[in-house]
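Notes for the structure review
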Amino acid sequence: MTRELQGNHDLDVLDRMAAHPGAPADTGLCPIRDVLDRVGQKWTLLLLIALKSGPKRFSALQRQVGDISKRMLTQSLRELERDGLISRTVYPTKPPSVEYALTPLGLSSLAPIAVLTDWADQNHDRIRAARANYDGAAPGG
């Protein structure tokens, strides 16, 4: 599939989303909302990107992500494991060591994440300028 056709496919998905703005009472029944709720969380993409290079232990992930608390890292890893994006392996050492790795499903998320991170990188200056412009022009700003 050419990039142009892929781009058209991406827009078709967005058109389908816009055509059905009403969400089911159970948002878990809406596949787009269900998945994007997880992907849109603050730490999800950073953790998936951190695991791109291979399995890592908890402390290595915390160092790489930086400003995440142990509690939030634990919760985020559990949610990603529950969704099947990462695996957790416990090694029988004293004390037990635990390693986290991307599953095949998690690996499949890296291509769309790369597109989004490229877009963010290419447009970061423009977004910061727009924020500064808005903040300067906003009432009371």
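For clarity, every value in this text was computed on a predicted model and none was experimentally measured.

A few words now on the overall build of the protein. The secondary structure content of the protein amounts to 7 helices and 3 strands. Helices (α) and strands (β) of the protein occur, in sequence order from the N terminus, as α-α-α-β-α-α-β-β-α-α. Out of the 141 residues in the protein, the part that is buried amounts to 25%. Put simply, 40% of the contacts in the protein that link residues at least 6 apart link residues at least 24 apart. Of the accessible surface of the protein, which amounts to about 10,300 Å², a share of 57% is contributed by carbon and sulfur atoms.

This part covers the nonpolar core. Judged by nonpolar contacts, the single largest core of 19 residues is most densely connected at Leu47, Leu48, Leu61, Leu77, Ile86 and Tyr100. Every element with two or more residues in this core is listed here: helix H3 (44–50), helix H4 (58–65), helix H5 (70–82), strand E3 (97–102) and helix H7 (110–137). Take this core: its biggest share by element is 4 residues, from H3. For Leu77, the contacting residues outside a window of four places in its chain are Leu47, Phe58, Leu61, Ile86 and Tyr100.

By the secondary structure assignment, Tyr91 is in strand E2 (residues 86–91). With residues near it in sequence (within four places) discarded, Tyr91 still touches Pro96, Ser97 and Glu99.

Where strands meet in a sheet, backbone hydrogen bonds hold them as pairs that are either parallel or antiparallel. Here 3 strands make up an open sheet; going across it, the order is E1-E3-E2 and the pairing antiparallel. What marks the edges here is a single partner per strand, and that holds for strand E1 (56–57) and E2. Inspection of the sheet shows E2 paired to E3 by 6 bridges, in the antiparallel sense. In the strand pairing of E3, Ser87 is matched with Ala101.

Moving on, we get to the confidence of the model for the protein. Of the residues in the protein, 79% reach a pLDDT of 70 or more, and the chain-wide mean stands at 84. Ignoring residues within four places in sequence, the model shows residues 1–5, a span with pLDDT below 50, making 2 contacts including any to other chains.

Among the structural elements, Ser76 can be located in helix H5. Under the relative-accessibility criterion, Ser76 is labelled buried at 6%. If we ignore the near neighbours within four places in the chain, the residues touching Ser76 are Trp43, Leu47 and Ile68.

So, on to H4. The complete set of buried residues in H4 reads Leu61, Gln62 and Val65. Each buried residue of H4 lies within a common arc of 100 degrees when the element is viewed along its axis, so the set occupies one face. The inward-facing, buried residues of H4 abut H3, E1, H5 and E3. Just past H4, the residue Gly66 takes up positive phi, approximately 95 degrees.

Cut-offs applied
Residues numbered from 1 in each chain as written. Predicted model: local features only at pLDDT ≥ 70, side-chain atom pairs only at ≥ 80, totals over all residues. Heavy atoms only, no water. Helix = DSSP H or I, 4+ residues; strand = E, 2+ residues; numbered from the N terminus. Buried < 20%, exposed > 50% of the residue type's maximum accessible area, 1.4 Å probe, protein only. Contact = heavy atoms within 4.5 Å. Areas by Shrake-Rupley, 256 points an atom, 1.4 Å probe, with all protein chains shown as cover. Core = buried A, V, L, I, M, F, W, Y, C linked by side-chain atoms within 4.5 Å. Pairing = 2+ DSSP bridges. pLDDT = per-residue confidence, 0-100. Arc of directions from axis to C-beta.

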